[in-house]
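Letter by letter, the chains look like this.
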Amino acid sequence: MSHSGLGSKLFDGLNYTLLSLIAIMTLYPFWDSLIVSITPLNESIASSIHLYPKAITLEAYQYLWKLDQLWTSYKVSILITVLGTVISMVATTLAAYALSKKDLPGSRVIMFAIVFTMMFSGGIIPNYLVVKQLGMLNSVWAMMIPAAIQTYNLIIMRSFFVSIPESLEESAKIDGCNDFGILLRIVIPLSMPAMATISLFYAVSKWNEFFTAVMYITNKDYWPLQLFLRSMLIDNEASFQSGGDSPFLLGQSIKMATIMISTIPVMMIYPFFQRYFVQGVTLGAVKE
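Residues numbered from 1 in each chain as written. Predicted model: local features only at pLDDT ≥ 70, side-chain atom pairs only at ≥ 80, totals over all residues. Heavy atoms only, no water.

(A) Main features of the packing of helix 5 (residues 107–119) against helix 7 (residues 151–163). Between helix 5 and helix 7, the least distance of the axes is 9 Å, while the angle of their chain directions is 140 degrees. Considering their axes alone, helix 5 and helix 7 lie oblique with respect to each other. Across from Met111, Ile114, Val115, Thr117 and Met118 in helix 5, the residues of helix 7 making contact are Thr151, Leu154, Ile155 and Arg158. Of the residues that constitute the contact of helix 5 with helix 7, the class distribution is six nonpolar, two polar and one charged. (Axes fitted to C-alpha atoms, helices over the stretch in contact; angles between N-to-C directions. Helix = DSSP H or I, 4+ residues; strand = E, 2+ residues; numbered from the N terminus. Parallel < 35°, antiparallel > 145°, perpendicular 65-115°, else oblique. Contact = heavy atoms within 4.5 Å. Nonpolar A, V, L, I, M, F, W, Y, C, P; charged D, E, K, R; others polar.)

(B) Representation of the packing of helix 4 (residues 68–99) against helix 9 (residues 179–190). At a closest axis distance of 12 Å, the pairing of helix 4 and helix 9 adopts a crossing angle of 105 degrees. In terms of orientation, helix 4 and helix 9 fall into the roughly perpendicular class. Together, Thr93, Leu94 and Tyr97 of helix 4 and Asp179, Phe180, Ile182, Leu183, Val187 and Ile188 of helix 9 make up the contact between the two elements. Residue composition of the contact of helix 4 with helix 9, grouped by class: seven nonpolar, one polar and one charged.

(C) Structural detail: helix 10 (residues 192–207). Helix length check: helix 10, at 16 residues, gives a terminal C-alpha distance of 22 Å against a target of 22 Å (1.5 Å per residue), a fit within 8%. Among the 16 residues that make up helix 10, 12 are buried, leaving the element largely enclosed by the rest of the structure. All of the buried residues along helix 10 are Pro193, Ala194, Met195, Ala196, Thr197, Ile198, Ser199, Leu200, Tyr202, Ala203, Lys206 and Trp207. (Expected span 1.5 Å × (residues − 1). Buried < 20%, exposed > 50% of the residue type's maximum accessible area, 1.4 Å probe, protein only.)

Written out as structure tokens, the structure is:
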């Protein structure tokens, strides 16, 4: 056996070992939350490491199932995730396509102004005042419109559009296709890896919406799932501090069950988009 072959096998072995350890470290918090969520209180507090359930109970999930606020928050989160992603993708695609054109007047100035927002922002209070003046407080629009476009996603999308050969668009124009026709019939179909990747970025961001909801939402009817989770954590902590007589509310099961309920939907969607991730991001990182 050659030294190069032996070295390659050693490298592969170390690489797989390291990646396996990283995978275990990444998955364990999720596994721990799942085990605690289905474990009785006395079993979960008996040990700080939970590799498998010594006893199984679904009390936490049964408790959550009866809460109307959970389903209200679920509906809000689904709405802002689906509709918010659509709004963000439409806005990002249109902006990126326009900025990808070299003949757009002032495109460099506009891109500088957009990139500038990654380093400096207007601040929390000005943002709040703008949302208030627009009449979007205590509405789902406050969690979708103000942050409809994320600069990083816009840059990736623009870079991807720039990489598409101009000859394709010129041929379409010769055939009588206008700019919107070129975008819908040529650019978007060729950009599906990037579109899928950016869509998932936006969807995860909308599903995990928390900070803007804390700032703009006080009506429980418009609470997203993350605010409901925060409320559950605060209520359990308050019950613990007051010495409540319900051992169920004092345990970790209800907290972990709420975390699982808010995490599982994203994990179910991710595998369908995973194959687009590397292709979408790397293809968008081309040099102009």
